[in-house]
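# Summary of the model geometry
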Amino acid sequence: MPEFERRWSRYARPVGDSSRVDETYLKVRGQWVYLYRAVDKEGRTADFLLSKRRDVAAAKRFFSRATRQHGAPRVITLDGYGASHRAVAELKAAGTLPRRVRIRSCKYLNNIIEQDHRRIKQRIRPMLGFKQFETAAATIRGIPVGSEN
């Protein structure tokens, strides 16, 4: 973890217990990659993951990492993408996610993160994508949900 993140983590507010999760796509080195993101109901970014594939394995990796970093949420709101639902079910069966975690699928509750995809793509468009995964991760980490610019 970079020095800035270590220092910032002392002051950052913890994320809430209700997560909204969605994925979108970005260009890195001319290839489309998928960005998995989770935000709480106030719009604070809980976690994100860049992946070359949009499948159950990537979704499981994302949920496992987010749970390890911030603890298990009380509620996870997903869109209709089946791989995310299957990944959560498999993680519950394996014991990585507690069985008490409620899963809901409501497109209106995910509006916070759906609208934020525009802001991310708006910042990335002038760069014509990223050159490396590391720069993509660093830039995305610096773009909070609901930022005005």
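Residues numbered from 1 in each chain as written. Predicted model: local features only at pLDDT ≥ 70, side-chain atom pairs only at ≥ 80, totals over all residues. Heavy atoms only, no water.

It is worth spelling out the side chain of serine 19 at this point. Assignment of secondary structure puts serine 19 in strand β1 (residues 18-28). Apart from residues no more than four positions distant in its own chain, serine 19 is found in contact with Val39, Asp40, Pro73, Val75, Ile76 and Thr77. (Helix = DSSP H or I, 4+ residues; strand = E, 2+ residues; numbered from the N terminus. Contact = heavy atoms within 4.5 Å.)

Side-chain positions along a regular strand alternate between the two faces of the sheet. Burial along strand β4 (residues 75-78) is two-sided: the residues Val75 and Thr77 and Ile76 and Leu78 are all buried. Note that β1 and β4 share 3 bridges and pair parallel. Paired with serine 18 across the strands is valine 75, a residue of β4. As judged from the 4 bridges shared by β4 and strand β5 (residues 102-105), these two strands associate in the parallel manner. (Buried < 20%, exposed > 50% of the residue type's maximum accessible area, 1.4 Å probe, protein only. Pairing = 2+ DSSP bridges.)

Turning next to the sheet that holds β1. Backbone-to-backbone hydrogen bonds pair the strands of a sheet. The strands run either parallel or antiparallel. Read from one edge to the other, the open sheet built from 5 strands follows the order β3-β2-β1-β4-β5, with strand pairing classed as mixed. The open sheet has two free edges, formed respectively by β3 (45-51) and β5, since each of these has just one partner strand. Between one strand axis and the next, the sheet turns by 25° as a mean value, whatever way the strands run. Of the strand pairs in this sheet, strand β2 (residues 31-40) and β3 are connected by 6 bridges, and their pairing is antiparallel. The partner of valine 39 across the bridge, within β3, is threonine 45. Each of β1, β4 and β5 touches helix α3 (residues 82-94); the most contacted strand, β5, lies at about 170° to it. (Axes fitted to C-alpha atoms, helices over the stretch in contact; angles between N-to-C directions.)

Moving on to the pairing of β1. Extensive coverage of β1 is indicated by the burial of 9 of its 11 residues. As paired strands, β1 and β2 are joined by 10 bridges and run antiparallel to one another. By the bridge assignment for β2, tyrosine 25 is matched with tyrosine 34.

The next thing to look at is the environment of threonine 67. If you trace the backbone, threonine 67 turns up in helix α2 (residues 56-70). On the basis of relative accessible area, threonine 67 is assigned to the buried category, the value being 14%. Distance from threonine 67 to alanine 46, taken between C-alpha atoms, is 9.6 Å for residues 21 residues apart in sequence. When sequence neighbours within four positions are dropped, the list of residues in contact with threonine 67 reads Ala72, Thr96 and Leu97. Of note is the side chain of threonine 67, whose polar atom sits 2.8 Å from the backbone oxygen of phenylalanine 63. (Polar contact = N/O pair within 3.5 Å; in protein donor to acceptor, adjacent residues only side chain to side chain.)

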